[in-house]
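Coordinates in review
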Amino acid sequence: MGIVVLGTSQAPERALGSTFPGEGTAATDRALRGQVRSRRGFEGQPGRGFLFLPTSPLQGGAGSAFLRPTAVRLLPGSSCWLFLGPSRRWGLEVRRQRRLPGAGVRGAPLFGPDNSAPARASMGPTQRPNVCRRLSRRALGFFSRDAGVVQRTNLGILRALVCQESTKFKNVWTTHSKSPIAYERGRIYFDNYRCCVSSVASEPRKLYEMPKCSKSEKIEDALLWECPVGEMLPNPSDYKSSLIALTAHNWLLRISAATGEILEKIYLASYCKFRYLSWDTPQEVIAVKSAQNKGSALARQAGIQQSVLLYLAVFRVLPFSLIGILEINKKIFGNVTDATLSHGILIVMYSSGLVRLYSFEAITEQFMQQELDLGCACRWGGTTGTVGEAPFGIPCNIKITDTPPLLFEVSSLENAFQIGGHPWHYIITPNNKKQRGVFHICALKDNSLAKNGIQEMECCSLESDWIYFHPDASGRIIHVGPNQVKVLKLSEIENNSAQHQISEDFVILANREKNKEKLKGVMTKICKIIDIQARSHPLKFDQVIEQVSSKCGNNPNWILPCLFLCFIPVFPKTFKIVDYEDELDLLSVVAVTQIDAEGKAHLDFHCNEYGTLLKSIPLVESWDVTYSHEVYFDRDLVLHIEQKPSRVFSCYVYQMVCDPGEEEETINRSYKKDGDNIKY
């Protein structure tokens, strides 16, 4: 089944300024408390300012429900400014005060590298923003009237803390589980979402643990719902985040994300097995998808084919309201293999690689048999019951009787299809196995191929490359291979605004050039293993896989070790995961270095605008490339989830800290070099 991603050009779900009161500067203030100590015994000397860090933080200001420390104050008449900047690893240093244009007027615009503009605009490769000045300006209210500026400034401060040299990420917690581990917005879920642990504190702490339940009642899938902005909700509890969970016995639950209390429950149906949850419109509309209906074993033996492939139940959230349940019928859509819903578009996929798009709104208006309201009495098929309550559930009230109007169709290998960019473009792989790893970028309006729109990457390791639209809503494209990460931009062709071209914005390389000569020797070794004629040039990845598979009898237990052992000495560094941290505007790249049979991984932070390497964090645990891995970078947290054989899951939590020894050494070096005795 292909991966379908629609609407990725829209703003990320976690928009800046949409966090809950009290959470916006938690990571920043926690880092500051660990790195900037109150020095109440400090005695100001002539020509040196006096550092004042009050124990009671300030509150107030536009859009600010957060705790905010006052950073620096000077003695009257002082001509110096004290900095706690990242340039000296949190050591104190004295510099001359520089008055910025308009600094004496409240609300006047401020210019310079410490402007309160978004992080992306102020994080050029030559600018070094100062945390102390940002904090002081935040306390004085030197911002524009836009309430979101405070949040962006907070995140700019946190980004400076994360990327500075003295900041470390320490492994504070490791745990193992026999059930899958999930992470979402500072919360780690264990035992099928029954146990929730907060990762925001210095060490993870348990938030709640729901009562034990049978296998038939366990949670199959879940989504985190957060309060929408600008809408009035009926209950005070609705303004707090909730976990929308789907159980194995077809109940849809709304659970308090803080306490685990069940706030609402809806019984879906008994005529199918619902299994998957996804956002149709993020934070607004959810789609509940059933397992595919394959019929009973006796029916299959008798050659009886089930006409209904699956069902899609669609709800608006908070307050919960039913849009309808739609059936996907093969009599209408043909030999369909899968279907899903995304951004109001019904996407139908076929075994031939064909992908078709339909308007869900048009289908609802044309084929809805009866509108249903949750909690209301209903008569359906001779049976009367309450909609959303057991055993009646929710009837299937959207049955398509004729082929709906087609919006768009395209053929792609394994149904892989994505839409994004400005203006709208889509990415496919030509529907031919020989074209695997070749990506075509085309305009949605007329299917025309963009100039330089065929993207192909030379891949000689065990993993092929992958491509997707950048989640930062810039319209760019990220193309990831084992040895390089390309960020591509989509722009108009000069003197021809109707056509667009693809060009490189920047490239992140794994520095493998020195291993090119070894590659020929390894390929010769593989050729001998699979008993084919040696080539004078490297084989392509697909050719290697095909030949090795044939000689190993298509046994994966032999294919993977054979190739893996051959490639270990050639490619010591491989890119495994590339993600985007939208709040800090950073690209996070997981690179694995192979040392003999053991892998070591490190997480690299790159500037999202220029691709510059800003920080590298080593992961202490070993990295086995044959295991499944997930790595999350969320503000001041790094979390690594690993799935080992026999369904053993491991979770490694890293928190941002500053090495106290380095801080003390820097402070002493900054002041004792002048022969002064500083007490604090």
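Residues numbered from 1 in each chain as written. Predicted model: local features only at pLDDT ≥ 70, side-chain atom pairs only at ≥ 80, totals over all residues. Heavy atoms only, no water.

1. Topic: the confidence of the model for the protein
Interpretation of the predicted coordinates at a detailed level should be avoided for regions scoring low in pLDDT. Our working definition: pLDDT is a residue-level measure of predictor confidence that goes from 0 to 100. Only heavy atoms matter for contacts: two residues are in contact if any of them lie within 4.5 Å across the pair.
Across the protein, the average pLDDT comes to 75, with 65% of residues at 70 or higher. Across residues 1–124, confidence stays below pLDDT 50; counting only partners more than four residues off in sequence or on other chains, it has 295 contacts. Counted against residues more than four places away or in other chains, residues 662–680, with its pLDDT under 50, gives 41 contacts.

2. Overview of the sheet that holds strand β8 (residues 205–209)
Put simply, the test is: Any two strands are treated as partners once DSSP identifies two or more bridges connecting them. Numbering goes from the N terminus for both helices and strands, where a helix is a DSSP run of H or I of at least four residues and a strand is a run of E of at least two. Interaxial angle, 0 to 180 degrees, is taken between N-to-C directions of lines fitted to C-alpha atoms, where a helix line uses only the stretch in contact.
With antiparallel pairing, 4 strands are arranged side by side in an open sheet as β5-β6-β7-β8. Each of the sheet's edge strands pairs with one partner strand only, and the pair in question is β5 (182–184) and β8. Each adjacent strand pair in this sheet contributes to an overall mean axis angle of 25°, direction not counted.

3. Points about the side chain of Thr-364
Note the threshold: With a 1.4 Å probe rolled over the protein chains alone, any residue whose accessible area is under 20% of its type maximum counts as buried; one over 50% counts as exposed, and the rest are partly exposed. N or O atoms within 3.5 Å of each other form a polar contact, as long as, within protein, one can give a hydrogen and the other can take it, and as long as residues adjacent in sequence are counted only when both atoms are side-chain atoms.
As for its position among the elements, Thr-364 is in helix α7 (residues 360–367). With a relative accessible area of 14%, Thr-364 lands in the buried category. There is a polar contact of 2.8 Å between the side chain of Thr-364 and the backbone oxygen of Phe-360.

4. Considerations on the sheet that holds strand β17 (residues 336–342)
Reading across from one edge, β17-β18-β19-β22 is the order of the 4 strands in this open sheet, with antiparallel pairing throughout. For this open sheet the edge positions go to β17 and β22 (406–411), each flanked by a neighbour on one side alone. Each adjacent strand pair in this sheet contributes to an overall mean axis angle of 20°, direction not counted. In this sheet, β22 lies alongside strand β19 (residues 354–359) in antiparallel orientation, the contact comprising 5 bridges. Note that in β22 the partner of Arg-356 across the bridge is Glu-409. Contacts from α7 reach β17, β18 (345–350) and β19 within the one sheet, and its direction differs from that of β19 by about 60°.

5. Things to note about the pattern of salt bridges
Here is the rule we go by: Criterion for a salt bridge: a side-chain nitrogen of Lys or Arg within 4 Å of a carboxyl oxygen of Asp or Glu.
The final tally for this structure, using the stated rule, is 16 salt bridges. One salt bridge in this structure joins Lys-273 and Glu-220, with 3.4 Å as the shortest N-O distance. Of this pair, Lys-273 sits in the loop between β12 (262–267) and β13 (274–281) while Glu-220 sits in strand β9 (residues 219–225), placing them 53 residues apart in sequence. Through salt bridges with shared partners, one network takes in Arg-185, Glu-226, Glu-583 and Arg-635.

6. Thoughts on the packing of aromatic side chains
To keep things clear, this is the line we draw: Geometry of aromatic contacts follows a simple scheme: Phe, Tyr and Trp rings, the Trp one being its six-membered ring, pair when their centres are within 6.5 Å, and the pair is stacked under 30 degrees between planes, edge-to-face over 60, tilted otherwise. Any Lys NZ or Arg CZ found within 6 Å of a ring centre and within 35 degrees of that ring's normal is scored as a charge over the ring.
By the definition in use, this model includes 12 aromatic pairs. Relative to Tyr-193, the ring of Tyr-189 lies with its centre 5.3 Å away and its plane at 45°, an arrangement referred to as tilted. Take Tyr-189 and Tyr-193: they sit in the same class, and that class is buried. With centroids separated by 6.2 Å and ring planes inclined at 85°, the aromatic side chains of Phe-315 and Phe-320 adopt a geometry described as edge-to-face. Through pairs of rings, three or more aromatic residues link up here, namely Phe-169, Phe-605 and Phe-633. Its end group placed over the ring of Trp-251, Lys-265 keeps NZ or CZ at 4.6 Å from the ring centre.

7. Observations regarding the pairing of β19
Examined bridge by bridge, β18 and β19 share 5 bridges and lie antiparallel to one another. If you follow Met-349 over to β19, its bridge partner there is Val-355. Where β18 folds back onto β19 in an antiparallel hairpin, the turn is made up of 3 residues, including Gly-353, whose phi is positive at roughly 100°.

8. Here we look at α7
Which entries qualify depends on this criterion: The directions considered for the arc run from the helix axis to the C-beta atoms.
Among the residues of α7, Phe-360, Ile-363, Thr-364 and Phe-367 are the ones counted as buried. The buried residues of α7 occupy an angular sector of 100° when projected down its axis, which confines them to one face. Seen from the open side of α7, the exposed residues pointing more than 90 degrees away from its buried face are Glu-361 and Glu-365.

9. Side note on the nonpolar core
Going by this rule: Definition used in this section: a nonpolar core is a set of buried Ala, Val, Leu, Ile, Met, Phe, Trp, Tyr and Cys residues joined via side-chain atoms within 4.5 Å.
If you look at the biggest cluster of nonpolar residues, it comprises 30 residues, and the most contacted ones within it are Ile-244, Leu-252, Phe-274, Ile-286, Val-288, Phe-315 and Ile-394. Secondary structure elements with two or more residues in this core: β9, β10 (242–247), β13, β14 (285–290), β15 (308–316) and β16 (321–329). Considering each element in turn, this core owes the most residues, 4 residues, to β15. Among all residues touching Ile-394, those that are not within four sequence positions of it are Ile-266, Tyr-267, Leu-268, Ala-269, Tyr-271, Phe-315, Leu-322, Ile-325, Leu-372, Leu-374, Val-387 and Gly-388. Among the nonpolar cores identified, the runner-up in size contains 26 residues, and Cys-163, Leu-584, Ile-617 and Trp-623 belong to it.

10. Notes on the pairing of strand β33 (residues 598–607)
Among the 10 residues of β33, 8 are classified as buried, and the element is accordingly described as predominantly covered. Direction of pairing for strand β32 (residues 586–595) relative to β33: antiparallel, over a ladder of 10 bridges. Note that in β33 the partner of Ala-591 across the bridge is His-602. Pairing of β33 with strand β34 (residues 613–622) involves 6 bridges; the strand directions are antiparallel. In the strand pairing of β34, Leu-603 is matched with Ile-617.

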